[in-house]
Amino acid sequence: MFKRNLLIIFIVIILAIIPLVVKKDAEFGGADGLAEEYISTLDPDYEPWFNSIWEPPSGEIESLLFALQAAIGSGFIFYFFGYYMGKRRRMAD
């Protein structure tokens, strides 16, 4: 089990490093920027329906909040997976 987990961690690290090595000077943008660019080419006079309530002071803060949101969400999901798997194993014994 330990060897399998170690192999999975190694594969994840490799998958994260390969794009950085292959595309050294690439700019990795999100889908939001591409969508905004596409909409502005379709309709230059388009105005958004609403604006953000709060704009993060920097891109780093925005990335931090996004990562925190992902960590909290995955924590909830995997807590329930673990809880129900443990409950099922306990009932099987």
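Residues numbered from 1 in each chain as written. Predicted model: local features only at pLDDT ≥ 70, side-chain atom pairs only at ≥ 80, totals over all residues. Heavy atoms only, no water.

Considering the overall build of the protein chain
Point 1. Each helix and strand in the protein chain was counted, giving three helices and zero strands.
Point 2. Its C-alpha radius of gyration of 21 Å places the protein chain more than 25% over the 12 Å reference for a compact globule of 93 residues.
Point 3. With respect to the three principal axes, the spread of C-alpha positions in the protein chain is 65 × 35 × 25 Å.
Point 4. Taking all 93 residues of the protein chain together, the buried fraction comes to 1%.
Point 5. Charged side chains of the protein chain number 8 positive and 12 negative; the gap between the two group centres comes to 32 Å. (Helix = DSSP H or I, 4+ residues; strand = E, 2+ residues; numbered from the N terminus. Rg over C-alpha atoms; globule rule 2.2 N^0.38 Å. Buried < 20%, exposed > 50% of the residue type's maximum accessible area, 1.4 Å probe, protein only. Lys, Arg positive; Asp, Glu negative; His and termini not counted. Charge placed at Lys NZ, Arg CZ, Asp CG, Glu CD.)

What about the layout of surface pockets?
Unoccupied space between atoms shows up once a probe the size of one water molecule is rolled over them.
Point 1. Of the pockets and cavities examined, the largest pocket occupies roughly 260 Å³.
Point 2. Lining of the largest pocket is provided by Asp32, Glu36, Ile39, Ser40, Asp43, Pro44, Tyr46 and Pro48.
Point 3. Here the second largest pocket is characterised by a volume of approximately 180 Å³.
Point 4. Contributing to the lining of the second largest pocket are Asp32, Ser52, Trp54, Glu55, Pro56 and Glu62.
Point 5. Per-class residue counts for the lining of the second largest pocket are two nonpolar, one polar and three charged. (1 Å grid on protein atoms, 1.4 Å probe; cavity = no way out; pocket = protein on both sides within 12 Å on 5 of 7 lines; lining within 4 Å. Points joined across faces, edges and corners; volume = space filled by probe spheres on them. Nonpolar A, V, L, I, M, F, W, Y, C, P; charged D, E, K, R; others polar.)

Some details on the UniProt feature "transmembrane region" (unreviewed entry) in the protein chain
Point 1. UniProt marks residues 64-84 with the feature "transmembrane region" (unreviewed entry), using the numbering shown here.
Point 2. As annotated, residues 64-84 has a helix share of 100% and a strand share of 0%, and its two end C-alpha atoms lie 30 Å apart. (UniProt positions renumbered as here; feature names shortened; annotations may be inferred.)

Quick notes on the packing of aromatic side chains
Point 1. In the structure shown here, the tally under the stated rule is four aromatic pairs.
Point 2. With a centroid separation of 5.3 Å and 75° between ring planes, the pair formed by Tyr79 and Phe80 is classed as edge-to-face.
Point 3. Residue Tyr79 is classed as exposed on the basis of its relative accessible area, which comes to 52%.
Point 4. Using a relative accessible area of 41% as the deciding quantity, one classes Phe80 as partly exposed.
Point 5. Considering the side-chain rings of Tyr79 and Tyr83, the 6.2 Å spacing of their centres and the 20° angle between planes classify their relative orientation as stacked. With a gap of four residues between them, Tyr79 and Tyr83 both fall in helix α3 (residues 59-92), about one helical turn apart. (Phe/Tyr/Trp six-rings, centres within 6.5 Å; stacked < 30°, edge-to-face > 60°.)

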